[in-house]
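Close look at the chain arrangement
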Amino acid sequence: MAHDSIAILDYGSQYSQLIARRVREAHVFCQLFSWRTPAEQVMALRPKGFILSGGPNSVYDQGAPTLPAYVLESGRPALGICYGMQLLAHQLGGRVAGSPRREYGPAALEVDGMDNLLFRDWQGAGGKSGASRRLAGGNPKSKIQNPKSEQVWMSHGDKVDELPPGFRPLAHTANSPYAAAADTERGLYAVQFHPEVAHTPQGRLLLQNFVLGICGCAADWTPVNVIDEQVAAVRQQVGRGQVVLGLSGGVDSAVTAALVHQAVGDQLTCLFVDTGLLRQGEAAEVVKTFEKERGMKLVAVNAVEEFLEALQGVTDPEQKRRVIGEKFVRVFEREAGRLGDVRFLAQGTIYPDVIESAARERPEAHTIKTHHNVGGLPADMNFELVEPLRMLFKDEVRQLGLALGLPEDLIWRQPFPGPGLAVRCLGEITWERLERLRAADAIFLDELRQAGLLRNGTQQAFAVLLPVRSVGVMGDGRTYQEVVALRAVTTEDFMTADWARLPYDLLAQVGRRIVNEVAGVNRVVYDVTSKPPGTIEWE
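We now turn to the structure provided with this report. What you are looking at is a predicted structure, and each value in this text was computed from that prediction instead of being measured.

1. Concerning the pattern of salt bridges
Summed over the entire model, instances satisfying the criterion amount to 31 salt bridges. Two residues, Glu384 and Arg343, come together in a salt bridge whose shortest N-O distance is 2.9 Å. Of this pair, Glu384 sits in strand β14 (residues 384-386) while Arg343 sits in strand β13 (residues 342-346); the two residues are 41 residues apart in sequence, bridging distant segments of the chain. Relative accessible area serves as the criterion here: at 30%, Glu384 is assigned to the partly exposed category. Of the charged contacts, one joins Asp446 and Arg513 as a salt bridge, the two residues approaching to 3.0 Å between their closest N and O atoms. On the criterion of sequence distance, the pair formed by Asp446 in helix α15 (residues 431-450) and Arg513 in helix α16 (residues 504-517) is long-range, its members being 67 residues apart. What makes Arg513 buried here is its relative accessible area of 19%. One continuous salt-bridge network, built from bridges that share partners, spans Arg21, Arg22, Glu25, Arg204 and Asp395.

What follows is the structure in structure tokens.
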């Protein structure tokens, strides 16, 4: 079944795929392309409209990204966001200038063009409850007081100070006279703020107005549609070939296994590599769930000593990821060789993996960290990748897993990074330190579970072992031991996240248990950093 679609042109913003997430929330299929992508490839999607993302450049930079000619030539609606707005203005005869005051964070938006379809129902969506005027982080001292204004999130230096011919202003802020504008005759719309982030509470409504009302897309796409499409795609790619999949027990690899298994059945062999970097009790649980309960072909490999030897003396997080990625594939090649002629490697790569790795197709983005599933793979690996979840966000993957019949306990398991505890055991990795971290992490998750906060109150929670020691007193003696940091976040999409406001009594109980039950730890701290500026993982 063909679906109406939107093409999102990526100019290097770390929020680009969050735009895609918001469009899909409107049940409209979309795809993200680099602005460099050839016109025929983008237009093959037959998009009903375009969204131009933000980006780190100035339109006046040498070699700055430009607007592809097909966008305007197509005659289809386009929405420019931040850099995308500046690009439209610059291309069409307006003027973009540097601002004497960079605008970063919440701003009060005054809508001047309430009659425009882009702002349909804008005030009614959040006015009375005050939700549209809350600032990020829930700080009651930092509210926009003007009841006629709406909160939006700004992140820019340059701004449009003269509109192109045909455009009319739709909204302004104290610092941006043209915070939104449109040329309705040509179907061109532009906003200086970021409607895709949670800090613009009515941003989703604006994007829905664009894709449904202005572009005229039918709201008929859901993640479950992916099942038939990806089953067919995997069958076409694999043919009669053999596939191996690295099963970690996390939701991404589990859903990938179920989807590929539905496509090719016993042509799939799941290889579970015990790296020694898993959470407490996880190795036994993986074998039980997939081999005994799901009936999949599973080969369990104990490679703990190999991984620890390869990681000996490695402390840099990016080097850890590369070492683990290479060792993981080498173990795969060896074990797959014992299975016969295996050509394909299935992986649970999802959208956030790609964006945070600034993958090969997104050269404009700035690399934040390398993901085990994307940038950490050695160049000479002997497998062809099968990545059926590459276009999906975490919550979409969960919906897919439930539709495939996977148990809820597995689907809602806490996310776990590909390199495992190696990126939560900061500094040197030893078996003793890993066991210390495992024990602390298990205590934290156990207390969250008992408090009913493991699924409903947090979306990701874990312990981190820090490479520092602190002085303490236990009994009558002085101690000089390691520090554990607790991390718990709330998030809708894992692209942005806020630290979880856990009850003090719960944190006190976790701290007491860790210090009393985990040898070698005498201090526990709690991380209160949001994403951005931090990432969810520490490394």
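That covers the picture; the talk isn't over yet.
2. A look at the side chain of Lys159
Relative to the assigned elements, Lys159 resides in strand β6 (residues 150-162). Residue classification places Lys159 among the buried positions, given a relative accessible area of 14%.

3. With respect to the pairing of β13
Taken across its five residues, β13 has four buried, putting it largely inside the fold. As judged from the four bridges shared by strand β10 (residues 242-246) and β13, these two strands associate in the parallel manner. Counterpart to Val244 in the pairing with β13 is Leu345. Bridging between β13 and β14 involves three bridges; their strand directions are parallel.

4. Overview of the sheet that holds β10
Working definition: the strands of a sheet are paired by backbone hydrogen bonds and lie parallel or antiparallel to each other. Within the open sheet, the five strands sit side by side as β12-β11-β10-β13-β14. Their pairing is parallel. Each edge of the open sheet carries a strand with a single partner, namely β12 (298-302) and β14. Within this sheet the neighbouring strands show an average axis-to-axis angle of 30 degrees, counted without direction.

5. Focus: the pairing of strand β16 (residues 477-490)
Note that strand β15 (residues 460-474) and β16 share 13 bridges and pair antiparallel. By the bridge assignment, Val464 is partnered in β16 with Ala485. Pairing analysis gives two bridges linking β16 to strand β17 (residues 498-499), with the strands arranged antiparallel. Paired with Thr490 across the bridge in β17 is Asp498.

6. Considerations on the environment of Arg240
By the secondary structure assignment, Arg240 is in the loop between α7 (225-238) and β10. Separated by 24 residues in sequence, Arg240 and Val264 have C-alpha atoms that sit 8.2 Å apart.

7. Examining the packing of helix α8 (residues 251-264) against helix α13 (residues 394-403)
Where α8 contacts α13, the two axes come as close as 10 Å, and the packing angle between them is 45 degrees. Classed by the angle they form, the pair α8 and α13 counts as oblique. Of the two elements, α8 crosses α13, and the hand of that crossing is left-handed. Judged by residue contacts, Val251, Asp252, Val255 and Leu259 of α8 engage Lys394, Val397, Arg398, Leu400 and Gly401 from α13. Here the contact of α8 with α13 is composed, by residue class, of five nonpolar, one polar and three charged.

8. Quick look at the packing of aromatic side chains
A complete count under the given rule lists seven aromatic pairs for this structure. A centroid spacing of 5.6 Å and a plane angle of 55 degrees characterise the contact between Phe29 and Trp221, whose relative ring orientation is tilted. With Phe29 in strand β2 (residues 29-34) and Trp221 in the loop between α6 (203-214) and α7, the pair connects residues that are 192 residues apart, well separated along the chain. Classification of Trp221 by relative accessible area gives buried; the value is 2%. Where Tyr189 meets Phe210, the ring centres are 6.3 Å apart and the plane angle is 70 degrees; that geometry is what we call edge-to-face. Placement of the pair is Tyr189 in strand β9 (residues 188-191) and Phe210 in helix α6, with a sequence separation of 21 residues. Both residues of the pair, Tyr189 and Phe210, belong to the buried class.

9. Here we look at the side chain of Thr37
Its place among the elements puts Thr37 in the loop between β2 and α2 (39-43). Among the polar contacts listed, one links the side chain of Thr37 to the backbone oxygen of Ser34, at a separation of 2.9 Å. Not counting the four nearest positions on each side in its chain, Thr37 is found in contact with Val42 and Tyr70.

Calculation rules
The numbering scheme is per chain: residues are counted from 1 as the chain's sequence reads. Residues qualify for local features only when their pLDDT is at least 70, as the model is predicted, and side-chain atom pairs are given and counted only at 80 or more; totals for whole chains, interfaces and linings, by contrast, use all residues. Values reported for side chains reflect all heavy atoms of the structure, with hydrogen atoms and water molecules removed beforehand. Just to be clear on terms, a salt bridge is a Lys or Arg side-chain nitrogen sitting within 4 Å of an Asp or Glu carboxyl oxygen. Helix numbers and strand numbers start at the N terminus; a helix is a DSSP run of H or I with at least 4 residues, a strand a run of E with at least 2. With a 1.4 Å probe rolled over the protein chains alone, any residue whose accessible area is under 20% of its type maximum counts as buried; one over 50% counts as exposed, and the rest are partly exposed. Strands are treated as partners if at least two bridges between them are detected by DSSP. Interaxial angle, 0 to 180 degrees, is taken between N-to-C directions of lines fitted to C-alpha atoms, where a helix line uses only the stretch in contact. Note that the term roughly parallel is reserved for angles under 35 degrees, roughly antiparallel for angles over 145, roughly perpendicular for angles of 65 to 115, and oblique for everything else. Each crossing is labelled by how the near helix is turned from the far one, with a counterclockwise turn of less than a right angle marking it left-handed and a clockwise turn marking it right-handed. By definition, residues are in contact when any of their heavy atoms lie within 4.5 Å. We call Asp, Glu, Lys and Arg charged. Ala, Val, Leu, Ile, Met, Phe, Trp, Tyr, Cys and Pro are nonpolar, and the rest, Gly among them, are polar. Pairing of aromatic rings covers Phe, Tyr and Trp, the last counted by its six-membered ring, and requires centre-to-centre distances within 6.5 Å; plane angles under 30 degrees mean stacked, over 60 mean edge-to-face, and any other angle means tilted. Under the rule applied, a polar contact is a pair of N or O atoms within 3.5 Å (in protein, one hydrogen donor and one hydrogen acceptor; residues adjacent in sequence only if both atoms are side-chain atoms).

All quantities given are derived from atomic positions and should not be read as evidence of function.
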